[in-house]
Amino acid sequence: MTKVYLKAKISRRIENGHPWIFQNEVKTVSDTCSGGEIVEVVTADNKFVGKGYINPKSQILVRLLTRNRNEEINEQFFYNRIREAWEYRKRLGYTENCRLVYGEADYLPALIIDKFNDYFVLQTMALGIDQWKGAIVEALNKIFQPKGIYERNDVPVRELEGLTQQKGFLSAPFDPAIIIKENGLHFHVDLENGQKTGYFLDQQDNRRWLHAIAKGAEVLECFCYTGTFSVHAASYGAKSVKGIDISEKAVGQARRNAALNGLDSVCSFEALNAFDVLKLWAREKKGYDVVILDPPAFTKSRENIQKAITGYKEINLRGMQLVRPGGFLVTASCTNLIAPDLFYGIIELAAKDARRKLRQVTFQTQSGDHPIIKGIENTQYLKFLIVQVE
Ligand code: SAH
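Since this is a predicted model, take the numbers as computed values, not measurements.

### Some remarks on the pattern of salt bridges
Okay, so step 1: Taken as a whole and assessed by the stated rule, the structure comprises 22 salt bridges.
Okay, so step 2: For Arg-81, the salt bridge is made with Glu-71, and the minimal N-O distance between the two is 3.2 Å. With a gap of ten residues between them, Arg-81 in helix H2 (residues 75-92) and Glu-71 in the loop between strand S6 (60-66) and H2 connect regions that are remote in the sequence.
Okay, so step 3: Ionic pairing is found between Asp-205 and Arg-208, a salt bridge with its closest N-O pair at 3.2 Å.
Okay, so step 4: One salt-bridge network, in which partners are shared between bridges, spans Asp-130, Lys-133, Glu-151 and Arg-158.

Dropping the structure here:
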């Protein structure tokens, strides 16, 4: 097996368990090897570190799959890891819908598998994991006997690995427009054309927090996508719910979701730019009892972090201005580049500018089917904050 020798001074990140080995952390590679091959990573003095897959074309040269010298990387390995990931979800009660495999946090770097009841959506975002797609599908078939498996590899990060973007069936074709049940409500999910894997499972626990604040409230949700928070608010007894999203398609799906739950008389949705309307409505002194903001990641790179901070500050400032005294702001951020403390700091700055006082109701992260590993900093990404705005 090809050996990858690390430089004499090993980064703390690798020592602390992070599975990525960057090109600039490596001294030499014993042979020329092709992308995807399983290699052994050792220290400069030849001590075993782990085994993983290599991609000479990628900045991340190796992603470790195991730190156990005796563990073979073969079909059985993938079956075992997926089985373990499933046991973990079952133990925590995430059985119907869940992120079944959350990449690095399940020791399967660059692999995402979302389970939507009997349907599975898969993303393989590195060459070395892509090559095991057959084994992964086989394991899913064995463990779950799914009604369908769909590949959503239409993600640009694959190009950094020399992979093409693609999507399609990994099982016999099926209708990818499905309905899932969450918190007792029903939602249309478009596995083929929905954003990411079709649905944001990471907020499934947080959506229940609306129970505490939505009753009798006039609610505004910006960046509503398919209206999941809106429909929850309506089902928890909101007086009215207005959801907006820039995507016409998302808004259409949100309307269908409200109707599916018999809540279309309470909810209305419109395709609008949140930045424009938040500013306009704040100027017009409109008021809501609850304002929900769950925007997309405003940046994917550290260089643009300031742009993201400005974006969060702007929408949260306007959002607060729209909250009636004593009402609630529900605000989220889904990029791992903004740490929880920084996010909170931005919200506090916005409150200062808006001359409003905040009282924290709760500060959460992603749901438990997206486990966080402290040494692997990018496993924590979601911030979900509810504050009362006085
Ligand atoms: N809360 C949703 C997920 C929101 S994802 C859920 O839990 O399912 C972010 C959404 O913001 C996307 O649907 C995207 O279309 C929308 N979006 C992006 N930029 C926007 C803008 N400027 N104005 C309004 N919506 C925007």
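### Details of the site of the ligand
Okay, so step 1: Around the ligand, the surrounding shell holds 17 residues, and the nearest of these are Gln-195, Arg-207, Asp-245, Ala-274 and Asp-294.
Okay, so step 2: Within the backbone of Ile-246, one N or O atom sits 3.1 Å away from a nitrogen atom of the ligand.
Okay, so step 3: Asp-294 is positioned with one of its side-chain polar atoms (N or O) 2.7 Å from a nitrogen atom of the ligand.
Okay, so step 4: Notes on the ligand: free accessible area 580 Å², of which the protein chains cover 90%.
Okay, so step 5: Here the shell around the ligand is built from residues that sort into nine nonpolar, four polar and four charged.

### Side note on the side chain of Arg-207
Okay, so step 1: Mapped onto the elements, Arg-207 comes out in the loop between strand S13 (185-190) and strand S14 (218-222).
Okay, so step 2: A polar atom in the side chain of Arg-207 sits 3.3 Å from the side chain of Tyr-199.
Okay, so step 3: Residues within four places of Arg-207 in sequence aside, it is in contact with Glu-182, Asn-183, Tyr-199, Phe-200, Thr-228, Phe-229, His-232 and Tyr-236.

### Some details on the packing of helix H7 (residues 274-283) against helix H8 (residues 305-322)
Okay, so step 1: Packing of H7 against H8 brings their axes to within 9 Å, and their N-to-C directions diverge by 40 degrees. By crossing handedness, the relation of H7 to H8 is classed as left-handed. Counting all contacts with H7, which are made through Phe-275, Leu-278, Lys-279, Trp-281 and Ala-282, the residues of H8 involved are Gly-311, Glu-314, Ile-315, Arg-318, Gly-319, Gln-321 and Leu-322.
Okay, so step 2: Classifying every residue of the contact of H7 with H8 gives six nonpolar, three polar and three charged.

### A few points about helix H4 (residues 133-144)
Okay, so step 1: Look at H4: 16 Å from first C-alpha to last across twelve residues, which is about the 16 Å you get at 1.5 Å a residue.
Okay, so step 2: A positive phi of about 45 degrees marks Gln-145, the residue just after H4.

### Some details on the domain arrangement of the protein
Okay, so step 1: Entries for the protein in the domain assignment read domain 1 (3-66), domain 2 (75-176) and domain 3 (200-389).
Okay, so step 2: Distance between the C-alpha centres of domain 1 and domain 3: 40 Å.
Okay, so step 3: With five residues of domain 1 at the contact, the number on the domain 3 side is four residues.
Okay, so step 4: A combined buried area of about 320 Å² lies between domain 1 and domain 3, and 57% of that area is made up of carbon and sulfur atoms.
Okay, so step 5: Linking domain 1 with domain 3 are zero salt bridges.
Okay, so step 6: There are one residue pair in polar contact (both at pLDDT 80 or more) connecting domain 1 and domain 3.
Okay, so step 7: Here the residues of the side of domain 1 that touches domain 3 are counted per class, giving two nonpolar, three polar and no charged.

### Some points on the sheet that holds strand S8 (residues 111-116)
Okay, so step 1: Reading across the sheet, the five strands line up as S7-S8-S9-S10-S11 and stay open at both edges, with mixed pairing between neighbours. Only two strands of the sheet have a single neighbouring strand rather than two, namely strand S7 (97-102) and strand S11 (166-169). In this sheet, adjacent strand axes meet at a mean angle of 15 degrees when their direction is disregarded.
Okay, so step 2: Inspection of the sheet shows strand S10 (residues 148-153) paired to S11 by four bridges, in the antiparallel sense. Residue pairing in the sheet places Tyr-150 in a bridge with Phe-169 of S11.
Okay, so step 3: Packed on one face of the sheet, H2 meets S7 and S8 and runs near 140 degrees to S7.
Okay, so step 4: Contacting S7, S8, strand S9 (119-124), S10 and S11, H4 crosses the sheet at an angle of about 160 degrees to S9.

### Points about the sheet that holds strand S17 (residues 288-293)
Okay, so step 1: An order of S16-S15-S14-S17-S18-S20-S19 is seen for the seven strands of this open sheet, with the pairing classed as mixed. Each edge of the sheet is formed by a strand with only one pairing partner; in this case those strands are strand S16 (267-271) and strand S19 (358-364). On average, each strand axis in the sheet is tilted by 15 degrees relative to the strand beside it, whichever way the strands run.
Okay, so step 2: Here S17 pairs with strand S18 (residues 323-333) via five bridges, running parallel. By the bridge assignment, Ile-292 is partnered in S18 with Val-330.

Reading the values: rules and limits
- Residues numbered from 1 in each chain as written.
- Predicted model: local features only at pLDDT ≥ 70, side-chain atom pairs only at ≥ 80, totals over all residues.
- Heavy atoms only, no water.
- Salt bridge = Lys/Arg side-chain N within 4 Å of Asp/Glu carboxyl O.
- Helix = DSSP H or I, 4+ residues; strand = E, 2+ residues; numbered from the N terminus.
- Near = heavy atom within 4 Å.
- Polar contact = N/O pair within 3.5 Å; in protein donor to acceptor, adjacent residues only side chain to side chain.
- Areas by Shrake-Rupley, 256 points an atom, 1.4 Å probe, with all protein chains shown as cover.
- Nonpolar A, V, L, I, M, F, W, Y, C, P; charged D, E, K, R; others polar.
- Contact = heavy atoms within 4.5 Å.
- Axes fitted to C-alpha atoms, helices over the stretch in contact; angles between N-to-C directions.
- Left-handed = near helix turned anticlockwise from the far one by under 90°.
- Expected span 1.5 Å × (residues − 1).
- Domains from an automatic or database assignment.
- Buried area = accessible area lost by both parts, 1.4 Å probe.
- Pairing = 2+ DSSP bridges.

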